[in-house]
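Structural features, examined
One letter stands for each residue in the lines below.
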Amino acid sequence: LASIYHPNFLRLHDAFVEESEGNLYILTEYCLLSTLEEASLTNLKTKKNNQQPAFSVQGRGLIIAELLNGLKELNRRGLAYSNFNLNDILVTDKGNIKLSGLHKILISGTDIPKKQNLDPRFTAPENLIVRKVRSASNIYSAGVMLHYITYNCLPYEGTNNKEITSQVIQGK
């Protein structure tokens, strides 16, 4: 991951595990930013009508273009997110997108660790069933995020993860 130098990727400088406690530490570039979810909530607070999209049409276009550009770089390298969600998309102070969540990026085709909880609101149905990382799953997650920035809501919502997982798998 340290070899990825891409304008839509949070630059990884170093990573190490502290042996005594087994904690993983990741050192990345510094930039003033917020998550996509935080940025959209901030934008909604400044609008009079919460039914309006959080971002302008041009802003949504830029977000999805930069998101797909970053995912394309991952795919080119044979990598994919195991559990991609809104917190993995950072918005810089200049309004650009940086993909983060570096600890959730695996080689495409590998198993998702059993101890990793998947967020069914963003996870492709095949990842929920088979628990294998695939680059195509990132496109599914990107579609969910596009839905979110366009309509201010997620396509699947429920009272618990089991209910949401059922909706995602059934496509209802």
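Let us look at the structure shown here. Quick caveat: nothing in here was measured; it's all calculated off a predicted structure.

Here we look at empty space enclosed by the protein
The tally for this structure, following the rule as stated, stands at one cavity of 30 Å³ or more. As for the largest cavity, its lining consists of Tyr-81, Ser-82, Asn-83, Phe-84, Phe-122, Thr-123, Asn-127, Ser-137, Asn-138 and Ser-141. By residue number, the principal contributor to the lining of the largest cavity is helix H4 (residues 135-151), which donates three residues. Here the lining of the largest cavity is composed, by residue class, of three nonpolar, seven polar and no charged.

Observations concerning the pairing of strand S1 (residues 12-18)
Where S1 and strand S2 (residues 23-28) come together, six bridges link them in antiparallel fashion. Bridging from a neighbouring strand, Val-17 pairs with Leu-24 of S2. Linking S1 back to S2 in an antiparallel pair, the connection comprises four residues, with Gly-22 at a positive phi of about 75°.

Regarding the nonpolar core
Here is a general trend for soluble globular proteins: nonpolar side chains tend to be buried in one another's company. Among the nonpolar cores identified, the biggest contains 26 residues, and Leu-67, Leu-71, Tyr-81, Phe-84, Ile-89 and Leu-99 are the most heavily contacted of them. When near neighbours in sequence (up to four residues on either side) are disregarded, Leu-67 contacts Phe-84, Ile-89, Ile-97, Leu-99, Ala-142 and Met-145.

Digging into H4
Between its terminal C-alpha atoms H4 stretches 25 Å, which fits the 24 Å expected from 17 residues at 1.5 Å a residue. One or two residues past the end of H4 sits Asn-152, with phi positive at roughly 60°.

Rules of the game
- Each chain carries its own residue numbering, running from 1 in the written order of its sequence.
- Restriction of local features to residues with pLDDT of at least 70 applies here, the model being predicted, together with a cutoff of 80 or more for giving and counting side-chain atom pairs; totals for whole chains, interfaces and linings are based on all residues.
- Only heavy atoms go into the side-chain values, all of them from the structure, while hydrogens and water stay out.
- Cavity means a closed set of points on a 1 Å grid over the protein atoms alone, one where a 1.4 Å probe fits but cannot get out, pocket means an open set with protein on both sides within 12 Å along at least 5 of 7 lines, and lining means a residue has an atom within 4 Å of a point.
- Grid points are joined across faces, edges and corners, and a volume is the space filled by probe spheres set on the points.
- Under the DSSP-based scheme used, a helix requires at least four consecutive residues in state H or I and a strand at least two consecutive residues in state E, with every element numbered from the N terminus.
- Asp, Glu, Lys and Arg are counted as charged, while Ala, Val, Leu, Ile, Met, Phe, Trp, Tyr, Cys and Pro are counted as nonpolar; the rest, among them Gly, fall into the polar class.
- Strands are labelled as partners when DSSP assigns at least two bridges between them.
- Nonpolar cores are built from buried Ala, Val, Leu, Ile, Met, Phe, Trp, Tyr and Cys residues. Side-chain atoms within 4.5 Å join them into one set.
- Only protein chains enter the area calculation, which uses a 1.4 Å probe; residues under 20% of their type maximum are buried, those over 50% are exposed, and those in between are partly exposed.
- Contact between two residues is taken to exist if any of their heavy atoms lie within 4.5 Å; hydrogens are not considered.
- Here the expected length of a helix is defined as 1.5 Å per residue gap, with one fewer gap than residues.

No statement about biological role is implied by the geometric values presented.
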